[in-house]
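Understanding the architecture of this molecule
So you can see what is in the structure, the chains are spelled out below.
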Amino acid sequence: MKGIIYVRVSTEKESQESSIVRQKEELTSAAEKWDIQVIDVIEERASGYEVDRDGMLSVLDRLKEEEASMLLVQDETRLGRGNAKIALIHQLNKLNVSIYSLKDDGELILSETDTMILDIVAIVEEHQRKLHNAKIKRGMKRAVEAGFYPHKNLAQSDNAGGRKRLEVPIDEIVKLRGNGLTFHEIAAMLRGFGYSISKATAHRRYQEHKYKEEMDISENRE
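In short, a report on the structure.

1. Description of the packing of helix H2 (residues 54-64) against helix H4 (residues 82-94)
How two helices pack is summed up by the angle between their axes together with the distance between the axes. In contact at an axis separation of 11 Å, H2 and H4 are set at 15° when each is read in the N-to-C sense. Judged by the inter-axis angle, H2 sits roughly parallel to H4. Seen from above, H2 lies across H4 with left-handed handedness. Listed contacts from H4 to Met56, Leu60, Leu63 and Lys64 of H2 are Leu88, Gln91 and Leu92.

2. A closer look at the sheet that holds strand S5 (residues 106-107)
Working definition: the strands of a sheet are paired by backbone hydrogen bonds and lie parallel or antiparallel to each other. Reading across from one edge, S2-S1-S3-S4-S5 is the order of the 5 strands in this open sheet, with mixed pairing throughout. Since the sheet does not close on itself, it has two edges, and those belong to strand S2 (37-45) and S5, each with one partner. When strand S3 (residues 70-73) meets strand S4 (residues 98-101), the two strands line up parallel, connected through 4 bridges. Paired with Leu72 across the two strands is Tyr100, which belongs to S4. With respect to the sheet, helix H1 (residues 17-33) is in contact with strand S1 (2-9), S2 and S3, its orientation differing from that of S1 by roughly 160°.

Parameters at a glance
Residues numbered from 1 in each chain as written. Predicted model: local features only at pLDDT ≥ 70, side-chain atom pairs only at ≥ 80, totals over all residues. Heavy atoms only, no water. Axes fitted to C-alpha atoms, helices over the stretch in contact; angles between N-to-C directions. Helix = DSSP H or I, 4+ residues; strand = E, 2+ residues; numbered from the N terminus. Parallel < 35°, antiparallel > 145°, perpendicular 65-115°, else oblique. Left-handed = near helix turned anticlockwise from the far one by under 90°. Contact = heavy atoms within 4.5 Å. Pairing = 2+ DSSP bridges.

All quantities given are derived from atomic positions and should not be read as evidence of function.
Next up, the structure:
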């Protein structure tokens, strides 16, 4: 089993340097006892209430790359505090990472409250995913009812190579917008057909198109 050791103190004070050294030594010794191969030791000096810590982001990147499947910490407070701790543990759970702590002399044991909160977060996230998918399906259904047929309107995208699929089909955006779809629904639907487009991009391209139309009309009048 491969693991990463993560040690953290909250400030740059010299008085906390001894804590960093102690955490590394104790976790290295514990890893040998737990038969875990340590591939790296990442230390950090930052507040536990912050989520976007450079050291922790490096840990997450390496775990996502499946370089290791275990994270070793002194205790849960080294991961973070408050909402930051919950958010990080939730992310680690999604990556199927096992968290080992010195305090628990093995796999991390969470309090009943933290376990309940994590269960709620997971349930809410799953419902958000289902709601998002439902919105995409609704948008696609409304688009088809409005006369948008993917096999006809996007036929050229299959023959034009990968780069062509990333182009924004402005004619379809205008048509779908004219049929009452929101920019969120338009972007979600087009992403389903292979276009890399956000709600903001769809809105911006639509506004650019309308502006160009107005300019053309103005020039024709002159």
